[in-house]
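Here are the chains, one letter per residue:
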Amino acid sequence: MHYTLHMTARCNLQCSYCYVDFSGADMTRETARATVDLAARGAKRAGLIFFGGEPLLMRDLITDTIAYARSRERPEECQFFFKITTNGLLLDDEFLSYACRERLFVALSLDGVKEAHNAHRVDKNGLGSYDRVVDAARRLLAAKPYSPALMTVRPDSLHLYAAGVESLFSLGFSYVISSLDYSAGWQESDLPELERQYKLIADIYERKTLAEDKFYFSPFEVKISSHINSRTYCHERCELGLRQLSVGPDGTLYPCVQFVGDPKFQLGDVRRGIDEEIRQALYKHNENEKAGCDRCAIRARCNHYCACLNRQATGSIDEVSPMLCAHERIVLPIADELAERLYQKGSALFIQKQYNDFYPLLSLAEDRS
């Protein structure tokens, strides 16, 4: 089970697409430790993800929580692993050294090229944060080279999508986790440009793969996997509270990050535990096929089941955004054609990456040798 700790709503940026409610108190030490206790209860592995706002504003609580979790670890019992998602402005050398010692996985938000990033990721004075975040990215990658970049794409930055992906790879990121902001004002007129950008990214993907560069670009990797692993992919859907829970600053449990603060989606709290009846009922409700999706040819490979995305886009977990539907219909054939080209060219890296379950371990061992 993974627990995402929403440690604070405070942030040192004012990103225009942020969905966080900036009211409310910070998480307390007692709440964070109660989360650790809940996570350790009957689990052999548990993930703690530090989230915000900007979680590094709560650095002391992060280090205290990790120390407490380490004190709860026992051989053959619960083992903890840790992750933080940060905007990078407070990511100094001291914290990076600490992250390396504690095996704290760090994900950095960076929206591609400067123009796209600075259009929305600004500080309290309205100044773009790109140069400061790139400086943090270089230090992060020097210390932890497998750290991912988290990239958000909006309609006004769509024309910079491929250039942004290329710039992140050039900066040294091997892992790019990209997603559209479905809550933005997408129009049908944006779709030809979205298709054009994905085709440009497919060219980047093919070039890097044939050069045997090791990398990951989430929209293509997920869709290629959904074809190769079609028998199991449909069972790896949004699990809405079954394997991941979000912990509000007050300790209330929610099924995912988009639901924090909404009383209709409370699943218990870290002191009393998880309300299993409510959790199972919510999961089963979300398993129901969405209106209009039951006869769709790509429904088994589509993200329409993701309750978090649906809520972000439409305000309801039961209603799928037309833009999400359009995105899936655009990206799937491009990813499939890309995969077919690489397979036909006999790319050893592509075949290992997509067909060998042991590839991540073999790749890591090779990089360290």
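Above this note sits the structure.
Draft legend 1. Spatial organisation of the overall build of the protein. If you tally the helices and strands in the protein, you get 14 helices and 11 strands. What you see for the protein is a C-alpha radius of gyration of 20 Å, in line with the 21 Å of a compact globule of 369 residues. Taken over the C-alpha atoms alone, the protein extends approximately 55 × 50 × 45 Å along its principal axes. Classification of the 369 residues of the protein by burial places 50% in the buried group. Within the protein, residue pairs in contact and separated by at least 24 positions form 71% of the contacts whose partners lie at least 6 positions apart. Accessible surface computed for the protein: about 17600 Å², of which carbon and sulfur atoms make up 51%. Across the protein, the centroid of the 45 positively charged side chains sits 3 Å from that of the 51 negatively charged ones.

Draft legend 2. Structural context of empty space enclosed by the protein. For the structure shown, the criterion picks out one cavity of 30 Å³ or more. Considered as a void within the structure, the largest cavity measures approximately 30 Å³ in volume. Contributing to the lining of the largest cavity are Asp111, Ala116, Met151, Thr152, Val153, Ser157, Leu160 and Tyr161. Looking at the lining of the largest cavity, the element that brings in the most residues is strand E5 (residues 148-153), giving three residues. The residue inventory of the lining of the largest cavity, partitioned by class, reads five nonpolar, two polar and one charged.

Draft legend 3. The layout of surface pockets, seen in detail. Of the voids in this model, the second largest pocket is the one considered here, and its volume is about 400 Å³. In this structure, the second largest pocket is lined by 21 residues; those nearest its centre are Asp21, Ser23, Pro249, Val260 and Gly261. Across the lining of the second largest pocket, the residue classes tally to eight nonpolar, 11 polar and two charged.

Draft legend 4. Spatial organisation of a nonpolar patch on the surface. Among the surface-exposed residues, Tyr343, Ile351 and Tyr355 lie close enough to one another that they form a single nonpolar patch of about 290 Å² accessible area. Checked against the element boundaries, Tyr343 lands in helix H12 (residues 322-344). For Tyr343, a relative accessible area of 42% corresponds to the partly exposed category.

Draft legend 5. Structural context of helix H10 (residues 276-287). Compared with the 16 Å implied by 1.5 Å per residue over 12 residues, the 16 Å span of H10 between its first and last C-alpha is a close match. Taken as a whole, H10 has its buried residues at Arg279, Leu282, Tyr283 and Asn286. One face of H10 carries all of its buried residues, which in axial projection span an arc of 95 degrees. Relative to its buried face, H10 has exposed residues pointing more than 90 degrees away, namely Glu277, Lys284 and Glu287.

Draft legend 6. Up close: unusual backbone geometry. With an omega of 5 degrees, the peptide bond running from Gly52 to Gly53 counts as cis. Mapped onto the fold, Gly53 is located in the loop between strand E2 (45-51) and helix H2 (59-72). Of note, the phi angle at Arg103 is positive, near 55 degrees, even though the residue is not glycine. Position of Arg103 relative to the elements: it lies in the loop between helix H3 (93-101) and strand E4 (104-109). The backbone phi angle of Glu212 is positive, close to 60 degrees, even though this residue is not glycine. Relative to the assigned elements, Glu212 resides in the loop between helix H7 (191-210) and strand E7 (216-217).

Draft legend 7. Looking closely at the pattern of salt bridges. As enumerated under the stated definition, the model contains 26 salt bridges in all. One salt bridge connects Asp92 with Arg59, and the closest N-O pair in it is separated by 3.1 Å. Placement of Asp92 in the loop between strand E3 (79-86) and H3 and of Arg59 in helix H2 is noted, with a sequence separation of 33 residues between them. By relative accessible area, which is 29% here, Asp92 ends up partly exposed. Note that Lys208 and Asp213 form a salt bridge whose closest N and O atoms lie 3.6 Å from each other. Overall, Lys208 belongs to the buried group, its relative accessible area being 12%. One salt-bridge network, held together by shared partners, links Arg29, Arg33 and Asp64.

Draft legend 8. Here's a closer look at the packing of helix H8 (residues 218-228) against H12. As a packed pair, H8 and H12 sit with axes 9 Å apart at the nearest point and diverge in direction by 75 degrees. The orientation of H8 relative to H12 falls into the category roughly perpendicular. Across the interface between the two elements, Pro219, Phe220, Lys223, Ile224, Ser226 and His227 from H8 touch Glu328, Val331, Leu332, Ile334, Ala335, Asp336, Leu338 and Ala339 from H12. Class assignment of the residues belonging to the contact of H8 with H12 gives a composition of nine nonpolar, two polar and three charged.

Draft legend 9. Expanded view of the packing of H7 against H12. Two elements in contact, H7 and H12, have axes separated by 10 Å at closest approach and are oriented at 30 degrees. Looking at the two axes, H7 sits roughly parallel to H12. Handedness of the H7/H12 crossing: right-handed. The residues of H12 that touch H7, namely those facing Leu191, Leu194, Glu195, Tyr198, Lys199, Ala202, Asp203, Tyr205, Glu206, Thr209 and Leu210, are Met323, Ala326, His327, Ile330, Val331, Ile334, Leu338, Arg341 and Leu342. For the contact of H7 with H12, the per-class residue count stands at 13 nonpolar, two polar and five charged.

Cut-offs applied
Residues numbered from 1 in each chain as written. Predicted model: local features only at pLDDT ≥ 70, side-chain atom pairs only at ≥ 80, totals over all residues. Heavy atoms only, no water. Helix = DSSP H or I, 4+ residues; strand = E, 2+ residues; numbered from the N terminus. Rg over C-alpha atoms; globule rule 2.2 N^0.38 Å. Buried < 20%, exposed > 50% of the residue type's maximum accessible area, 1.4 Å probe, protein only. Contact = heavy atoms within 4.5 Å. Areas by Shrake-Rupley, 256 points an atom, 1.4 Å probe, with all protein chains shown as cover. Lys, Arg positive; Asp, Glu negative; His and termini not counted. Charge placed at Lys NZ, Arg CZ, Asp CG, Glu CD. 1 Å grid on protein atoms, 1.4 Å probe; cavity = no way out; pocket = protein on both sides within 12 Å on 5 of 7 lines; lining within 4 Å. Points joined across faces, edges and corners; volume = space filled by probe spheres on them. Nonpolar A, V, L, I, M, F, W, Y, C, P; charged D, E, K, R; others polar. Patch = residues over 30% accessible without salt bridge, like charges linked within 9 Å, V, L, I, M, F, W, Y side chains within 5 Å. Salt bridge = Lys/Arg side-chain N within 4 Å of Asp/Glu carboxyl O. Expected span 1.5 Å × (residues − 1). Arc of directions from axis to C-beta. Axes fitted to C-alpha atoms, helices over the stretch in contact; angles between N-to-C directions. Parallel < 35°, antiparallel > 145°, perpendicular 65-115°, else oblique. Left-handed = near helix turned anticlockwise from the far one by under 90°.

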